[in-house]
Amino acid sequence: MVERDPEWAGWCSVLVNANDLAAMGAEPVGLLDAVAARDRSFASRILAGLRRASQAYQIPVLGGHTQFGAPASLAVTALGRAAVPVPGGGGRPGHRVRLTADLGGGWRPGYAGRQWDSTTSRSSADLRVMLGSVAAARPAAAKDVSMAGIAGTLGMLAEASGCAAVLDVAAVPRPAGATAGDWLTCFPGFGMLTADGPGSAAPPAGPAVSAGCGELVPGSGVRLRWPDGELTVAIAGAVTGLGPAGDTA
């Protein structure tokens, strides 16, 4: 992606780091970047996207490294603070699963069905409210939706929590411009999966939509529950193979 779409890669490098920190309930402090490119002009395109996102998310770039005459690559690390991080493996059987996602925007040109761009059209204020949703709600467990999509990310949260998950397809917040299959497997821009006890309140999330759409259950993997009650297996077992994470984030 860095080679094919350098400005978008630069934007996404900030976006994914901001989402990672948000899932832990952390306040971002800054970014460090390492960029390699064939020449100065190409590096400028990567850094232009990174700079725009840094300004939009209000996360400063603290330093980094740039190398010319090399294959295109980009590595970005975000630093943040959280007095008590929200764990990724804190879910338990019986916890309700909630998806909080930004349904605005549309498919990124060239990435239809794979990457939903809701973030480039949002104000800094909207982005920061969404990023603060996990910190405000303090659920038992949280995981930002990654390139594994909603189904795969839920599988990772369940695996880290030592259990399985059931996802109610009809209850998943979904934009009108995406099919259920694409939406459950794409990268959504901003999406947070959380697990908490029954009756937990929806987090304040600005323009994002939040809805309960499943539960954690004993076992492993992820099953999809369809409107007629039929259950199908989406993920048969562990996603990462790393096993339960206990109380770690």
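Now for a quick tour of the structure. Here the structure is a predicted model, which means the values were calculated and not measured.

Take the pairing of strand E4 (residues 96-101) next. Burial analysis of E4 places five of its six residues in the buried class, which makes it a mostly covered element. Bridge analysis of E4 against strand E9 (residues 191-196) gives six bridges, and the strand direction is antiparallel. In the sheet register, Arg-98 faces E9, and the bridge partner there is Thr-194. Alignment of E4 against strand E10 (residues 209-217), held across six bridges, turns out to be antiparallel. Along E10, the bridge assignment pairs Val-97 with Gly-214.

Moving on, we get to unusual backbone geometry. At Gln-58, a position not held by glycine, the phi torsion is positive, near 60 degrees. Counting through the fold element by element, Gln-58 comes out in the loop between helix H2 (40-57) and strand E2 (61-68). Even without being a glycine, Arg-138 presents a positive backbone phi close to 50 degrees. Tracing the sequence through the fold places Arg-138 in the loop between helix H4 (133-137) and strand E7 (141-144). What makes Arg-138 partly exposed here is its relative accessible area of 37%.

Here we come to H2. Taking 1.5 Å per residue as the helical rise, H2 with its 18 residues ought to reach 26 Å, and the 25 Å between its terminal C-alpha atoms agrees with that figure. Restricting attention to buried positions, one finds in H2 the residues Phe-42, Ala-43, Ile-46, Gly-49, Leu-50, Ala-53, Ser-54, Ala-56 and Tyr-57. Buried residues belonging to H2 abut helix H1 (6-23), strand E1 (27-37), E2, strand E3 (73-81) and helix H3 (124-131). Between a side-chain oxygen at the N-terminus of H2 and the backbone nitrogen of Ser-41 the separation is 3.3 Å; the capping residue is Asp-39. Of the residues one or two after H2, Gln-58 is the one with positive phi, at around 60 degrees.

A few words on the nonpolar core. Soluble, globular proteins show a tendency: their nonpolar side chains are buried together. Residues Trp-11, Val-14, Leu-31, Tyr-57, Leu-131, Phe-190 and Met-192 are the most contacted members of the largest nonpolar core, which totals 30 residues. Those elements that place two or more of their residues in this core are H1, H2, E3 and H3. In terms of residue count, H1 provides more of this core than any other element does, nine residues in total. Those residues in contact with Leu-31, other than ones at most four positions away along the chain, are Val-14, Asn-17, Ser-54, Ile-59, Pro-60, Val-61, Leu-62, Gly-63, Val-76, Thr-77 and Ala-78. Judged by nonpolar contacts, the second largest core, of 26 residues, contains Val-97, Val-172, Ala-178 and Trp-183.

Below, the discussion takes up the side chain of Ser-54. Locating Ser-54 in the fold gives a position in helix H2. Judged by relative accessible area, which is 9%, Ser-54 ranks as buried. Discounting chain neighbours no more than four positions away, the residues touching Ser-54 are Val-14, Leu-31, Ile-59, Pro-60 and Val-61.

Here we come to the environment of Ala-202. Assignment of secondary structure puts Ala-202 in the loop between E9 and E10. With 10 residues separating them along the chain, Ala-202 and Met-192 place their C-alpha atoms 12 Å apart. Sequence-distant contacts of Ala-202, that is, excluding residues within four places in its chain, are made with Arg-98 and Ser-210.

Our focus in this paragraph is the packing of H2 against H3. Relative orientation of the contacting elements H2 and H3 amounts to 75 degrees, with a least axis distance of 8 Å. Classified by the angle between their axes, H2 and H3 sit roughly perpendicular to one another. For the pair H2 and H3, contact is made by Gln-55, Ala-56 and Tyr-57 and by Ser-124, Leu-127, Arg-128 and Leu-131, respectively.

Moving on: the packing of H1 against H2. Taken N-terminus to C-terminus, the directions of H1 and H2 make an angle of 35 degrees; their axes are 6 Å apart at the nearest point. Every pair of crossing elements has a handedness; the one defined by H1 and H2 is right-handed. For the pair H1 and H2, contact is made by Pro-6, Glu-7, Gly-10, Trp-11, Ser-13, Val-14, Leu-15 and Ala-18 and by Phe-42, Arg-45, Ile-46, Gly-49, Leu-50, Arg-52, Ala-53, Ser-54, Ala-56 and Tyr-57, respectively. Grouping the amino acids of the contact of H1 with H2 by side-chain chemistry returns 11 nonpolar, four polar and three charged.

So, how was this worked out
- Position numbers for residues count from 1 along each chain, tracking the sequence in the order it is written.
- Residues qualify for local features only when their pLDDT is at least 70, as the model is predicted, and side-chain atom pairs are given and counted only at 80 or more; totals for whole chains, interfaces and linings, by contrast, use all residues.
- Note that water and hydrogens are dropped before the side-chain values are worked out from all heavy atoms of the structure.
- Each residue's exposure class comes from its accessible area (1.4 Å probe, protein chains only) as a fraction of the maximum for that residue type: buried when under 20%, exposed when over 50%, partly exposed otherwise.
- To qualify as a helix, a DSSP run of H or I must reach at least 4 residues; to qualify as a strand, a run of E must reach at least 2; elements of each kind are numbered from the N terminus.
- By this definition, two strands are paired if DSSP reports at least two bridges between them.
- An expected span of 1.5 Å times one less than the residue number is assigned to each helix.
- Here a residue-residue contact requires only that any non-hydrogen atoms of the pair lie within 4.5 Å.
- Counting of polar contacts relies on pairs of N or O atoms within 3.5 Å, with two restrictions inside protein: one atom must be capable of donating a hydrogen and the other of accepting it, and residues adjacent in sequence are counted only when both atoms are side-chain atoms.
- We define a nonpolar core as any set of buried Ala, Val, Leu, Ile, Met, Phe, Trp, Tyr and Cys residues linked to one another through side-chain atoms lying within 4.5 Å.
- Comment: axis = line fitted to C-alpha atoms, over the contacting stretch for helices; angle = value between 0 and 180 degrees taken between N-to-C directions.
- Any angle that falls under 35 degrees is termed roughly parallel, while one over 145 is termed roughly antiparallel, one within 65 to 115 roughly perpendicular, and all others oblique.
- Crossing handedness follows the turn of the near helix against the far one: under a right angle anticlockwise gives a left-handed crossing, and clockwise gives a right-handed one.
- Each residue is assigned to one of three groups, with Ala, Val, Leu, Ile, Met, Phe, Trp, Tyr, Cys and Pro labelled nonpolar, Asp, Glu, Lys and Arg labelled charged, and all others, Gly among them, labelled polar.

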